[in-house]
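Close look at the chain arrangement
Next come the chains, spelled out residue by residue.
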Amino acid sequence: MKKPCITLAITAALITAPVFANPQQMDPNMPGMAGMHEATPADVQGVGVVKAVDTAKGTLTLQHEAIAAIGWPAMTMPFKVASPGLLTHVKVGDKVQFTFHQASAGSTVTAIKVAKS
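Rules and cut-offs
Residues numbered from 1 in each chain as written. Predicted model: local features only at pLDDT ≥ 70, side-chain atom pairs only at ≥ 80, totals over all residues. Heavy atoms only, no water. Helix = DSSP H or I, 4+ residues; strand = E, 2+ residues; numbered from the N terminus. Contact = heavy atoms within 4.5 Å. Core = buried A, V, L, I, M, F, W, Y, C linked by side-chain atoms within 4.5 Å. Buried < 20%, exposed > 50% of the residue type's maximum accessible area, 1.4 Å probe, protein only. Salt bridge = Lys/Arg side-chain N within 4 Å of Asp/Glu carboxyl O. Phe/Tyr/Trp six-rings, centres within 6.5 Å; stacked < 30°, edge-to-face > 60°. Pairing = 2+ DSSP bridges. Axes fitted to C-alpha atoms, helices over the stretch in contact; angles between N-to-C directions.

A few words on the side chain of His64. Note that His64 resides in strand β2 (residues 59-64). Apart from the residues within four sequence positions on either side, His64 is in contact with Val47, Gly48, Trp72, Pro73, Ala74, Met75, Met77, Phe79 and Phe98.

Put into structure tokens, the structure is as follows:
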């Protein structure tokens, strides 16, 4: 009776050992895992047109082109700005290149410059 139990224990240990010895990384792009983690780049680049500047709220509304890096289609949306000084360099109608950080609380523009035509 001891021999089958020992054999079973050794077989179980050999089968499960690789699972603990070499854990696999979870694929952050697995289907169905959206919202489980922040899987976006730290800095995202975009191009758009300034539609509104609100210095009181510290926001900038941009009509941006599609942003493939994070799967966003072209749209118009407000962004918070990391520093009020960023709003002094742009005006409504300017075509801009911008960098932003995306987080669950919203996207924040960290850099912006008027694009050369």
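The discussion continues.
Moving on, we get to the nonpolar core. Formed by 18 residues in total, the largest nonpolar core has its most connected members in Leu60, Phe79, Phe98, Phe100, Val109 and Ile112. At the level of secondary structure, the elements contributing two or more residues to this core comprise β1 (44-54), β2, β3 (75-81), β4 (95-103) and β5 (106-114). Contacts of Phe98, omitting those with residues within four sequence positions, involve Val44, Gln45, Gly46, Val47, Gly48, Leu62, His64, Ile67, Phe79, Val109, Ala111 and Ile112.

This next bit is on the pattern of salt bridges. This model, assessed by the stated rule, comprises one salt bridge. In this structure, Asp94 engages Lys91 in a salt bridge whose closest nitrogen and oxygen atoms are separated by 3.0 Å.

Moving on, we get to the packing of aromatic side chains. One pass over the full model with this rule turns up four aromatic pairs. Summarising the aromatic geometry, the rings of Trp72 and Phe100 are spaced 5.3 Å apart at their centres and angled 20° between planes, so their arrangement reads as stacked. Residue Trp72 is found in the loop between β2 and β3, and its partner Phe100 is found in strand β4; the two are separated by 28 residues along the sequence. Grouping residues by exposure puts Trp72 and Phe100 together as buried. Connected via pairs of aromatic rings, a cluster forms that spans Trp72, Phe79, Phe98 and Phe100.

Here the focus is the sheet that holds β3. Read around the closed barrel, the five strands follow the order β1-β2-β3-β5-β4; overall the barrel is mixed. On average, adjacent strands in this sheet sit at an angle of 55° to one another, irrespective of strand direction.

Any link to function would need more than the numbers given here.
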